[in-house]
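Chain by chain, the residues:
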Amino acid sequence: MASLSLSSHLNKSLRQQYLNLPQEGKCQVTYIWIDGTGEDVRAKTRTLDTEPKGLEEIPEWNFDGSSTYQSEGSNSDMYLKPVCMFRDPFTLDPNKLVLCEVFKYNRLPAETNYRNSCEKVMQKVEEHCIWFGMEQEYTLLGVDGHPFSWPAQGYPLPQGPYYCGVGANNAYGRDIVECHYKACLYAGVNIYGTNAEVMPSQWEYQVGPCEGIAMGDHLWVSRYLLHRVCEDFGVVATLDPKPMKGPWNGAGCHTNVSTKEMREEGGLEYIEKAIAKLEKRHKEHIAVYDPRGGKDNMRRLTGLYETSNIEHFSAGVANRGASIRIPRQVGQEKKGYFEDRRPASNCDPYVVTKAITCTCLLDSDEQASGSEVEINVSSPEMES
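All of these numbers come straight from a predicted model, not from anything done at the bench.

Peer 1: Outline the overall build of the chain, listing residues and values.
Peer 2: Counting secondary structure elements, the chain contains eleven helices and 13 strands. The C-alpha atoms of the chain give a radius of gyration of 21 Å, which matches the 21 Å a tight globule of 384 residues would have. With respect to the principal axes defined by its C-alpha atoms, the chain has extents near 60 × 55 × 40 Å. Expressed as a percentage of the 384 residues in the chain, the buried residues total 52%. Across the chain, the fraction of contacts at a sequence separation of at least 24, relative to all contacts at a separation of at least 6, is 67%. Across the chain, 40 positive and 53 negative side-chain charges occur, with their mean positions spaced 2 Å apart.

Written out as structure tokens, the structure reads:
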């Protein structure tokens, strides 16, 4: 049995006594940001005199970037610019969570601030009303790194009964999943649904549909909420794309994409055109679909366990072993959306949605003007 953190054994009833105390009109605002790993989130909280009604009432703040892999100690101050506000499901109303962009001392975006360039792209394609839905898979672990509820020695029964499974022998950690779902709803995250995944202790939730930059905002905040809920239960949620070697499914972040043209009558034509463009840039997309230039996806995209092969692009209707899947209903109705199954579970949603948008919507226009669209993750300094 996986080990739980010691803090999860603290008296939660005693904690609730203090959470119920009045705040005398004050408001706690928790600032959330992406650290220098590009995968982990950090947070700290301050007091405001009144409840903010909008972002304009939340001041910028700063933090020590030398302790988050984002700056040198000799020049460590980094700026937090609030960009999206949510309700706080942990300390409750009137308290807030605020997602922030990170800027360096010279006001240039930090190296892992990919939101900044993504938003510029989304503004360019605003007339296309591009929607995204991302399916976040994750695996529950003990603090010792052992999968939650797996036998201490050996392995659980082979995959088969766990996907959307019910019962103590099939579903491991449902309490965590349901608490996370409620936290997302309370916060205002656009969560669509959740289900147990193919590997035991592996789960999925879906965020969306969200238009443009909102996709990355809502997915990052949902990840923060997931880690915080797991903290209360004393377990760890890993976004590793292949947490267990051998005959076990990996974890992805399948990305569903739809433009206004794709949703209208005859939209399948636009879906097929987008897929043709994605095929031409398969390698470029693989390079930005995980934080390590494709190395994480090399462990996952093997052509086995409901994945495509990382070396080859493929597409098909209702084919979960393809790079791009067209849902069967979309094939029948000739309109709707497509699913890019290549992004890894630990991808940056800003990077993924920017890459897809550039390839599908900006590629032709930019090439016609004589310049090439860059979807690779270059330094934000070069893009500002």
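Peer 1: Give a description of the pairing of strand β1 (residues 27-34) that names residues and reports values.
Peer 2: Most of β1 sits out of view: seven of its eight residues are buried. For β1 and strand β2 (residues 41-48), the ladder comprises eight bridges, and the chain directions are antiparallel. Bridge pairing in β2 links Q28 to T47. Between the end of β1 and the start of β2, which pair antiparallel, lie six residues, with G38 showing a positive phi angle near 80°. In this structure, β1 lies alongside strand β5 (residues 96-103), joined through four bridges in parallel fashion. Within the sheet, the bridge partner assigned to Y31 lies in β5 and is V98.

Peer 1: Hey, could you go over a nonpolar patch on the surface for me, with residue numbers and the actual values?
Peer 2: A surface patch of nonpolar side chains, amounting to about 320 Å² of accessible area, comprises L14, Y18 and L21. For L21, the location among the structural elements is in the loop between α1 (12-19) and β1.

Peer 1: Can you lay out the side chain of R115 for me, pointing to particular residues and giving the numbers?
Peer 2: By the element assignment, R115 lies in helix α2 (residues 115-124). Within the structure, the side chain of R115 is placed 2.8 Å from the side chain of D217, a separation counted as a polar contact. Not counting residues within four places of it along the chain, the set of residues in contact with R115 comprises V83, E101, I213, D217 and Y350.

Criteria and cut-off values
Residues numbered from 1 in each chain as written. Predicted model: local features only at pLDDT ≥ 70, side-chain atom pairs only at ≥ 80, totals over all residues. Heavy atoms only, no water. Helix = DSSP H or I, 4+ residues; strand = E, 2+ residues; numbered from the N terminus. Rg over C-alpha atoms; globule rule 2.2 N^0.38 Å. Buried < 20%, exposed > 50% of the residue type's maximum accessible area, 1.4 Å probe, protein only. Contact = heavy atoms within 4.5 Å. Lys, Arg positive; Asp, Glu negative; His and termini not counted. Charge placed at Lys NZ, Arg CZ, Asp CG, Glu CD. Pairing = 2+ DSSP bridges. Patch = residues over 30% accessible without salt bridge, like charges linked within 9 Å, V, L, I, M, F, W, Y side chains within 5 Å. Areas by Shrake-Rupley, 256 points an atom, 1.4 Å probe, with all protein chains shown as cover. Salt bridge = Lys/Arg side-chain N within 4 Å of Asp/Glu carboxyl O. Polar contact = N/O pair within 3.5 Å; in protein donor to acceptor, adjacent residues only side chain to side chain.

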